[in-house]
Amino acid sequence: MTPAPVSAETLAELATTRPAPAGAAALRAALHARRMLLLKAALVRVERARTALAPGVRTRFEADWALLERAERADPAAVRDLLDYPMTGAWLGAVLAADEGPELERHLPYITGLALSAAVRSGCPVEGERSVPSGRLVLPGLGVLCCPSRRALLDGRPGSTRITDATGATEVLFDRPGTDARRSDGGGAGWPGADSRRRDGEGTGRPGADTRRPDGGGTGGPGADTCRSDGDDTGRPGVATGRRDDGGTGRPGAGARRPDGDDAGRLGEDTRRPHGGGTGWLGLRALPGSAVLLDDLDPYRVPVHGIGPEALPAARRPDSAPGAWAARWVAARDLLSATDPARAAETSEVLRAVVPLAPSGHTGGPPMSATLRAAPGALLSQLPQDAGDLAETLVHESQHTKLATLHELVPLYRPGGARHRVGWRPDPRPVPGVLQGVYAHLALADLWRRARDGSLPDHSWRDRAERQFDTHWDQVGKALSILRESDELTFAGREFVQEMERHHARLGVAARSPG
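Residues numbered from 1 in each chain as written. Predicted model: local features only at pLDDT ≥ 70, side-chain atom pairs only at ≥ 80, totals over all residues. Heavy atoms only, no water.

Quick look at helix 12 (residues 459–485)
To be explicit about the condition: The helix and strand labels rest on DSSP assignments: H or I over at least four residues marks a helix, E over at least two residues marks a strand, and numbering proceeds from the N terminus. Each helix should span, by expectation, one fewer than its residue count multiplied by 1.5 Å. By definition, a residue's bend is the angle between the axes fitted to the seven residues ending there and the seven starting there. Each residue gets one of three labels from its accessible area relative to the maximum for its type: buried under 20%, exposed over 50%, partly exposed in between, using a 1.4 Å probe on protein chains only.
For helix 12, which comprises 27 residues, the first-to-last C-alpha distance of 40 Å matches the rise-based estimate of 39 Å (1.5 Å per residue) to within 8%. Of all the bends found along helix 12, the most pronounced is centred on Gln 468 and spans about 30°. Of the residues making up helix 12, those classed as buried are Trp 461, Arg 464, Ala 465, Phe 469, His 472, Trp 473, Gln 475, Val 476, Ala 479, Leu 480, Ile 482 and Leu 483.

Right, dumping it as C-alpha cells:
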C-alpha cells in the first residue's frame, strides 16, 4: 500500500503545527503504509529463516497468520486499527532488529495474541486451542488473560468470543459492539504475501504477521513462566526511544507523583472496542471521554533499556495510578479545550495510548516523557504534577508523533553527523533532534500565545503562558537559524523549515500586537 503524495499545501499546513484535516488524513495513510511495509519485511525475514525455526514455532506462526488473514477479510477496518496501534510498530522494530536464531524465535509466538485480538475485534469465528507458554495471553489493545495451564481454549462466534484457560480456572468473554462488520475505506489493502487464502484458516505456509513480544501473549521468554496477578510483563523488550525534546531520548525528569486512592473505575469506556470480562482477565482502560488507552500491560510499551538517563521502566499495575491519570487527563483536556479547542481535539486523534512510566529515584524537576520513533501515537510519561504539565506534554508529544510519521512519508533530512546547541537541551543535538525539538516547541509557543491572550479564568495557566511564550519563541527562532543553514535537509525539509519560520514570525507579530 502506497499513500498518496503530500501536496505542497498540506506540507505547509503541517509545518505550522496547527491541526489540519488534510494533514491528519495524510499522516494516517502514511502510518498504515509504513506498518504494512514493515509487516512485509518481517514476513520476508521469517520465510528466509524457515528452516532454522523449531517446527512447533513455525506451525503455530502459520496458523495464527491464517487467522489474521480471515479476520482481515471479516473486517478490514478493525484489523487496520490493530496494525496501526503503537505497540505493533514497537514489535515490528524488535523483530526486524533481532539476531537470527533464538532471539528471533522468541519474538514470533506473540502472533497468537495478535491474531486472537484481530479475531475478537473483527467478529471472526475462531475455535480450537492455543499454546500459552508464558502463562499470560496478551491481546494487544485489549488486555491480558492469565492462563496457568499454559493452554487456551477458543470459542468465537460473530458478536462474541470466549477464551478459557484449559483448566477452566480463568476466562474472558468479549462482546463486540455491534454485529455489523465495519467496512474499510481502503484499510483492507490485503496482507503482504497473502496470495493463498484458505477459508478454514489452516496454515497457509505464510509466516509473519503483526505481532508482539514473547514475554506476553503466549510466548514464553526469560522469566515469563508465571502469571502475575498485577498484570505486569516479565521483561521489558523494546526499541529506540525518543526524548521529549527531540523525539529521540526522553525528557530528563523527576519522580512522578502518585496520589493515593487510584480508582480504575474513573477511566472511560471506548464503545468502539470489544469489551471483555471474566475471572483472571486484566483489561486495558480508555481515558475518560476518549478512545486513548492507558496501556499499563503491553510488554512492548517500554524498551528493554528503559527511558532516559535513569532507564525508567514502565509503571507496573497496580502502581500505574489509573485513577490519578484519569483525573489529570480530564483536567488537562478541559484546560486545552478552553485554550485551543482544535489542539485538544488533535491530541485525541494523534494519540492512541498513554504509557505510565515508573517514578524516578530522586525528586524535583519535571516528569519524564518520550515518544518512541518505532511507536508513534504512544505517549510514555511519568504522571505529570498537574493538569498544566499534562496539557503541555500532550501537545509536545503529539508533535513528535506527527513529525516522525511525516518523515517516513516525505523525508525531511538525510544522514549527517553535525551536532548543534539548542536552548532546551544541555547536550548538542543532531539535525533530526533539532528539527523535532523546533517542531514541538513551535507548537508550544503557539499554545502559550493563545493561553496568554485568551480570557481563561485560570490565572496560573495564563501566568505560565506569559513566562513560557517568550522563552519558547526565542529558543525556536535561534534553532530555526541552525536548520536554515544546514545542508542535511532535503528539498522538502527546507520548504518545511521555511514555513515553520513564517509561522514563527506570525506568532511574534500577533504576540506583540496591542489588544
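Having seen the structure, we can now continue with the description.
Section: the sheet that holds strand 4 (residues 151–157)
In a beta sheet, neighbouring strands are held together by backbone hydrogen bonds and run either parallel or antiparallel to one another. Note the cut-off: Here the rule is simple: two strands pair whenever DSSP picks up at least two bridges between them. What counts as an axis is a line fitted to C-alpha atoms, over the stretch in contact for a helix, and the angles between N-to-C directions run from 0 to 180 degrees. Note on contacts: a residue pair is in contact if any heavy atoms of the two residues lie within 4.5 Å.
Strand order in the open sheet formed by 5 strands is 1-4-5-6-7, and the pairing between neighbours is antiparallel. Looking at which strands have only one partner, the edges of the open sheet turn out to be strand 1 (126–131) and strand 7 (275–277). Recorded for the sheet is a direction-independent mean angle of 15° between the axes of neighbouring strands. Sitting on the sheet, helix 7 (residues 111–122) is in contact with strand 1, strand 4, strand 5 (160–165) and strand 6 (171–175), with an inclination near 160° to strand 1.

Quick word on the confidence of the model for the chain
Regions with low pLDDT should not have their predicted coordinates read in detail. For clarity, the cut-off: Summary of the metric used: pLDDT quantifies the predictor's per-residue confidence within the range 0 to 100.
Per-residue pLDDT for the chain averages 82, and the proportion of residues at 70 or more is 80%. Residue range residues 179–191 is modelled with pLDDT below 50. Its contacts to residues more than four positions away, or to other chains, number 38 contacts. Of the regions scoring below 50 in pLDDT, residues 193–226 engages in 143 contacts with residues more than four places distant in sequence or in other chains.

Focus on the nonpolar core
Which entries qualify depends on this criterion: Buried Ala, Val, Leu, Ile, Met, Phe, Trp, Tyr and Cys residues form a nonpolar core when they are joined through side-chain atoms within 4.5 Å.
With 69 residues, the main nonpolar core has Leu 116, Leu 137, Leu 139, Ile 163, Phe 174, Ile 307 and Leu 380 as its most contacted residues. When residues in this core are grouped by element, the largest group, 7 residues, is from helix 7. Listed in part, the 59 residues of the second largest apolar core include Leu 11, Ala 15, Trp 329 and Leu 456.

A closer look at the sheet that holds strand 13 (residues 378–381)
If you walk across this open sheet you meet the 5 strands as 9-10-11-13-12, and the pairing is mixed. Taken across any chain shown, the strands that pair with only one partner, and hence form the sheet edges, are strand 9 (285–286) and strand 12 (369–370). In the sheet, strand 10 (residues 293–294) pairs with strand 11 (residues 353–356) via 2 bridges, with the strands oriented parallel. Following the sheet pairing, Leu 294 is matched in strand 11 by Val 354. Its contacts with the sheet place helix 8 (residues 322–339) against strand 9, strand 10, strand 11 and strand 13, and it is angled at close to 130° to strand 11.

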